[in-house]
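Okay, here's what each chain looks like letter by letter:
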Amino acid sequence: MKSKIEQLKNDALALLEKVSDRENLEALKTDVLGRKGKLNELMKEMMSLADDERKVIGQFANELKGSIESAFGDKERFMFEQEELRRAEDEWIDVTAPGNFPDAGHLHPVTQTMVEIEETFKKIGFTAARIPEIDWDYYVFESLNMPGDHPARDDWETFFVDGPEGPKGKLVLTPHTSNSQVRVMENQKPPIRMININRTYRRQSDTRHLSMFHQFEGLVVDRGITITHLKGVLDYFAKTYFGPNRTTRLRPHHFRFTEPSFEIDISCGVCNADPSVNCRLCKEGWMELGGAGMVHPNVLKSGGLNPEEFSGFAFGWGVERTMMMKEGMNIDDIRMLYKNDLRFVKQF
Ligand code: PHE
């Protein structure tokens, strides 16, 4: 019996010596030390021995079991260390090597322009408003002094949404941002200084027009607001956005929601509106920027304000156009902005 046990130990240790991977090590361990393993088999055989003999052999067997277990333990530790060393070798990294920088994008040039315009007006106390870009006829036309079938509505080539009318008329894809005027007056008492930038839609598409574009709208309402305030704000914008030499001029125009109404021109950045220069860019010194005017009394009334007490001005025009007019832009087709051509977009 004793020699059987010795034999088992020697066989086990010899096999253990040869084992070179974890899987085989586990298998051998189960085979020798497991519940149904060889050692337990021998232990069972020992049950049939006489009492005093079993005691001696039992002790011997236990000692051997201990030494087999510790041999397995040593082997396990050895293999673990080997594996760690191998891994350290395989997975070696140079922590001082420069990393791979992910391609960081940037805001779309039109978005950049919107941010810049908003920031420019915020600096002189304007607050950004968020107004629906799909709105009721009432806010887009009716409340702006353009009732029912007024022909002035034709100036805006408007998309109407197919669907039932609400109490404020049909739903409209806003063709301008002026729907913000009465909406803001309904929610806020003067002094009002708001800037609203939003998507706008018109039935048009060519090198200078898109069916989806952006506009920004400014509205100032308070006691004693005059055209000089309007002119001051427009000049401030021209100088801040386009450059310190630029200035604006107001030309009489007509809008139903402002009275008087103006078209705003900005002095040409090349000839500085000097009539003695024969400028190839602007031809006459000035370039058309957008529309503006003093808020019409009927619009103030729509907004719940007394025109005897309050006055105000409004202005609005296209974001893309503004961007394209900036010096050095050289964009001759507005549709380039939305082609998603990275070669174009990456230049900004
Ligand atoms: N909403 C006008 C347009 O789209 C511009 C405008 C805004 C005119 C505010 C006057 C006042 O053409």
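These numbers were taken from a predicted model, which means no experiment stands behind them.

Here the focus is the side chain of Glu-263. Topologically, Glu-263 is positioned in strand E8 (residues 258-267). Glu-263 has contacts with Arg-249, Leu-250, Arg-251, His-253, Glu-288 and Gly-290, leaving out every residue within four places of it along the chain.

This paragraph deals with the domain arrangement of the chain. Interface size, as often reported, equals the accessible area lost upon joining of the parts. Here the chain is described as being made up of domain 1 (2-90) and domain 2 (109-345). Between the C-alpha centres of domain 1 and domain 2 the distance comes to 88 Å.

To continue, consider the nonpolar core. The nonpolar side chains of a soluble globular protein tend to be buried with one another. Core analysis: the largest hydrophobic core is formed by 42 residues, its most contacted members being Phe-121, Phe-216 and Phe-315. For this core, the element with the most residues is helix H8 (residues 227-242), which contributes seven residues. Formed by 25 residues, the second largest nonpolar core is a distinct cluster that contains Met-146, Ala-152, Val-184 and Met-185.

With antiparallel pairing, three strands are arranged side by side in an open sheet as E2-E4-E3. The outermost strands of the open sheet, each flanked by one partner alone, are strand E2 (134-136) and strand E3 (159-160). Note that E3 and strand E4 (residues 171-173) share two bridges and pair antiparallel. What sits directly across from Phe-159, in E4, is Leu-173.

About the thresholds
- Residues numbered from 1 in each chain as written.
- Predicted model: local features only at pLDDT ≥ 70, side-chain atom pairs only at ≥ 80, totals over all residues.
- Heavy atoms only, no water.
- Helix = DSSP H or I, 4+ residues; strand = E, 2+ residues; numbered from the N terminus.
- Contact = heavy atoms within 4.5 Å.
- Domains from an automatic or database assignment.
- Core = buried A, V, L, I, M, F, W, Y, C linked by side-chain atoms within 4.5 Å.
- Buried < 20%, exposed > 50% of the residue type's maximum accessible area, 1.4 Å probe, protein only.
- Pairing = 2+ DSSP bridges.

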